[in-house]
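In case you want the letters, here they are:
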Amino acid sequence: RFSTGSLVTRLTTDVTNVQNAYQMLIRVAFRAPLMIIIAWIFTFNISHSISLIFLIVAPLLGGALVAIGLGVHPIFVRIFHTYDRLNSDVEENLLGVRVVKSFTREKYEDRKFKSVSQRIYDSFVKAELRLAWNGPLMQIAIYSTILLLSWMAAHQIIASGNNPAHGLTTGDLTALFTYTLQILMALMMVSMIFIMVVIS
C-alpha cells in the first residue's frame, strides 16, 4: 500500500511530529485546563458578573482556533503526501544515478526535484499564514478581556464607594488581573498544543 518514500516520511517526519505533540500534551494539556478552571472559580468568588466575561471569551476563542485548525488540516495532509513524492524522487535519483548520467537527464531530474520542493514550500507558507492568525486572535482576546474587566470593575468599585463590604475593592481588581492573565496564558498554551496536534 505504501511507497518507499511514504514509509520514509512515516518513520521520520510523522514519528517526530507525533512525539512532539504527545510530549506537549502530557506536559501542558493536563495543566492548562486545571489552571483555567481554578482561576475562573477564584474570579467567580470575587465577582459573579465579571467572571462571565471568560465564559464568553473562551468559547469564542476556542471556536476561532478550531476553525483555523479545520482550514489548515487539509493543507498539512497535502504537504505530507508531497513529502512522499519528494522522498520517492530522491530515491529514484540515488538508485538510478548511472542511468541519469548516461542519458544526461541531470537537468530534468533537477527541475523535477525543484518543482516538488517548491510545492512543499508553497503549501507550508499557505498553512503558516493561516496559523499565524492564532497570535493576533490571542492578543485580541487578552486585551479586549482586560479592557472589559477594567471597565466593569471600575463601575463596581465606584458603586461600592458608599458600602465597600458589598462591592469590589482595588485589591480585588488586582487579584482579578492576576487570574485573568493566568486564564489567558493557559488558553495560549492550549492554542500552541492545538497547532502541534493539527500538524501531527
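Residues numbered from 1 in each chain as written. Predicted model: local features only at pLDDT ≥ 70, side-chain atom pairs only at ≥ 80, totals over all residues. Heavy atoms only, no water.

### Examining the overall build of the chain
The condition is simple: Each helix is a run of DSSP H or I of at least 4 residues and each strand a run of E of at least 2, with the numbering of both proceeding from the N terminus. Note that the radius of gyration is over C-alpha atoms, with the globule rule given as 2.2 Å times the number of residues to the power 0.38. Relative accessibility decides the category of a residue: with a 1.4 Å probe and only protein chains considered, values under 20% of the type maximum give buried, values over 50% give exposed, and everything between is partly exposed.
Secondary structure summary: the chain contains 7 helices and 0 strands in total. For the chain, the sequential pattern of α-helices and β-strands runs α-α-α-α-α-α-α. Relative to a compact globule of 200 residues, whose C-alpha radius of gyration would be 16 Å, the chain shows 25 Å and is clearly more extended. Every one of the 200 residues in the chain was classed for burial, and the buried ones make up 30%.

### Focus: a nonpolar patch on the surface
Condition: Patch building starts from residues that exceed 30% relative accessible area and form no salt bridge, then joins like charges within 9 Å and nonpolar side chains (Val, Leu, Ile, Met, Phe, Trp, Tyr) within 5 Å. Only the protein chains shown count as cover for residues, and all accessible areas are computed by the Shrake-Rupley method using a 1.4 Å probe. We define a salt bridge as a side-chain nitrogen of Lys or Arg found within 4 Å of a carboxyl oxygen belonging to Asp or Glu.
Taken together, the side chains of Tyr 22, Leu 25, Ile 26, Phe 30 and Val 197 make up a nonpolar region of the molecular surface, amounting to roughly 510 Å² of accessible area. Looking at the nonpolar patch, the element that brings in the most residues is helix 1 (residues 4-29), giving 3 residues. Along the chain, the position of Leu 25 falls in helix 1.

### Describing the side chain of Lys 112
Basically, it comes down to this: In what follows, residue pairs with any heavy atoms lying within 4.5 Å of each other are defined as contacts.
Following the sequence through the fold, Lys 112 ends up in helix 5 (residues 106-131). For Lys 112, a relative accessible area of 17% corresponds to the buried category. The contacts of Lys 112, once residues within four sequence positions are left out, are Asp 89 and Glu 92.

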